Amino acid sequence: ATNHFTFDPGFMSTAACESKITYIDGDKGILLHRGYPIEQLAQHSDYLEVCYLLLNGELPSAREKAQFVDIIKNHTMVHEQLKSFFNGFRRDAHPMAVMCGVVGALSAFYHDSLDITKPRHREVSAMRLIAKMPTIAAMAYKYSLGEPMMYPRNNLSYAENFLHMMFGSPCEPDKPINPVLARAIDRIFILHADHEQNASTSTVRLAGSSGANPFACIAAGIAALWGPAHGGANEAVLNMLEEIGSVEHIERFIAKAKDPNDPFRLMGFGHRVYKSFDPRAQVMKRTCDAVLTELGIDDPQLELAVRLEEIALADPYFKERNLYPNVDFYSGIILKAIGIPTSMFTVIFALARTVGWISHWQEMLSAPYKIGRPRQLYTGSALRDFVPLERRN
Ligand code: SDX
């Protein structure tokens, strides 16, 4: 490690689950992907380049990047029969329920031809998933609206293609994609790409350790991400801001968050690892300011979120517990400005995190591994004999 910090690799080798992909220092608010700070990647890179880095360990050369982008473009379409899986859901089904089902169903289309012991098969599965997630996510959104699903346009960038499939119509000529929105969504993808061994990534690793196919493993990750304590928090933040309504009501909600008898938590605040600022939240906040300014949007919820952050950070309860805004606190405001409905926020998180999940899956399978088997601390009854029914009172 060089520059402004050093870290003890020895610590890494004693970690419960070794990995070379992402390093987090929760006390210093440091997040590195293969050694590169998230701030630099968000500023100078794009999502597919970060995908290449997470999967392969190095930033691509121009030729490698062009090749990678081409391969992804060749896998953006889904099997036509996959569409029928959507029809099993009610129109008002939560898109995350649809994503769990449809992504898991990819197993039925690719599982038989897949031998996960072969590196090439693992690599193709990774590409297929990264390429198809935007298509499936946009299909889930169109299905919820009762609108025709859009095919990918491979002349567009990854982010532009997603926005095209989300907001395009087969009855209208393709509208040019606003570059501000495309850059914003691409940056949001980068900021959500990977985050070490969090709940959903650990779920993917555990599922993968049994030899389950990668599509089923990613579906398990999607399910774990859905919870409001994890990826579901971005949707919960917007619902919370809606409920708070205006700056005058902030104190009442801060009091609720501090009340040990009230289950209410300040959504988008706190983190299992970060006990200082989540570096992603800081980039997200800057992106939020820039996007709303460039789009000329004056969103009162941004002002409410900024004021809520100020009040919470000045409050001893939050300071004593090292509770800071996390990646989910500002992301929803940008997604709303882009035109994405709240119900799709966690789907965007799952779309972006797929590369992190599949990189960890790849890393685990590319070296000898054993099936995961977390042990427990038994606190139940001691040994005792069966009591026949007639003798029970
Ligand atoms: C993500 O792990 C990852 O890397 C996840 C993630 C990723 O990229 O994969 O970063 C994405 O999941 C971000 C987190 C999104 N979730 C939320 O924003 C939901 C709101 N946050 C909380 O639910 C909570 O902070 C957690 C779940 C994130 C962490 O919970 P912990 O582990 O219980 O937090 P903690 O141990 O640091 O809590 C210490 C104290 C406790 O109070 P005391 O028992 O000491 O009195 O702080 C309290 C907690 O009750 N606390 C909060 C709070 N978060 C913690 N009190 C009010 N509001 C909060 N948000």
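Since this is a predicted model, take the numbers as computed values, not measurements.

Can you help me understand the packing of helix H3 (residues 47–56) against helix H18 (residues 345–365) in this one?
Working note: a packed helix pair is described by the angle between its axes plus the distance between those axes. It is the contact of H3 with H18, at a shortest axis distance of 9 Å, that shows an interaxial angle of 15 degrees. The pairing of H3 with H18 is recorded here as roughly parallel in orientation. For H3 against H18, the interelement crossing comes out right-handed. Residues Tyr 47, Cys 51, Leu 54 and Leu 55 of H3 pack against Leu 351, Ala 352, Val 355, Ile 358, Ser 359 and Gln 362 of H18. Of the residues assigned to the contact of H3 with H18, the class counts are eight nonpolar, two polar and no charged.

Would you mind showing me how to read the site of the ligand here?
For the ligand, the set of nearby residues contains 24 residues, the closest of which are His 195, His 271, Arg 272, Lys 275 and Arg 280. At 2.9 Å from a nitrogen atom of the ligand is found a main-chain nitrogen or oxygen belonging to Ala 229. The contact in question runs from an oxygen atom of the ligand to an N or O atom on the side chain of Lys 275, over 2.7 Å. Protein contacts shield 77% of the accessible area of the ligand, which totals 1100 Å² for the unbound molecule. Residues of the shell around the ligand, tallied by class, amount to 10 nonpolar, seven polar and seven charged.

Just to check I follow, could you spell out the UniProt feature "active site" (unreviewed entry) in the protein for this structure?
Under the UniProt annotation, "active site" (unreviewed entry) lies at His 271 and Asp 328. Spatial clustering of the annotated residues is evident: they stretch over 58 residues in sequence, but the largest pairwise C-alpha distance comes to 10.5 Å. Mapped onto the elements of the fold, His 271 is located in the loop between helix H13 (250–258) and helix H14 (279–295). Considering the arrangement of structural elements, one finds Asp 328 in helix H17 (residues 328–338). The class for Asp 328 is buried, based on a relative accessible area of 5%. Ignoring sequence-local partners within four residues, the contact set of Asp 328 consists of His 192, His 230, Gly 231, Ala 233, Asn 234, Val 237, Gly 268 and Phe 349.

Honestly, the packing of helix H6 (residues 95–110) against H18 in this entry has me stumped. Any pointers?
Close contact between H6 and H18 brings their axes to 8 Å; oriented N to C, the two are set at 35 degrees. Side by side, H6 and H18 meet where Pro 95, Met 96 and Met 99 of the first sit next to Thr 346, Val 347 and Ala 350 of the second. Of the residues that constitute the contact of H6 with H18, the class distribution is five nonpolar, one polar and no charged.

What counts as what
- Residues numbered from 1 in each chain as written.
- Predicted model: local features only at pLDDT ≥ 70, side-chain atom pairs only at ≥ 80, totals over all residues.
- Heavy atoms only, no water.
- Axes fitted to C-alpha atoms, helices over the stretch in contact; angles between N-to-C directions.
- Helix = DSSP H or I, 4+ residues; strand = E, 2+ residues; numbered from the N terminus.
- Parallel < 35°, antiparallel > 145°, perpendicular 65-115°, else oblique.
- Left-handed = near helix turned anticlockwise from the far one by under 90°.
- Contact = heavy atoms within 4.5 Å.
- Nonpolar A, V, L, I, M, F, W, Y, C, P; charged D, E, K, R; others polar.
- Near = heavy atom within 4 Å.
- Polar contact = N/O pair within 3.5 Å; in protein donor to acceptor, adjacent residues only side chain to side chain.
- Areas by Shrake-Rupley, 256 points an atom, 1.4 Å probe, with all protein chains shown as cover.
- UniProt positions renumbered as here; feature names shortened; annotations may be inferred.
- Buried < 20%, exposed > 50% of the residue type's maximum accessible area, 1.4 Å probe, protein only.

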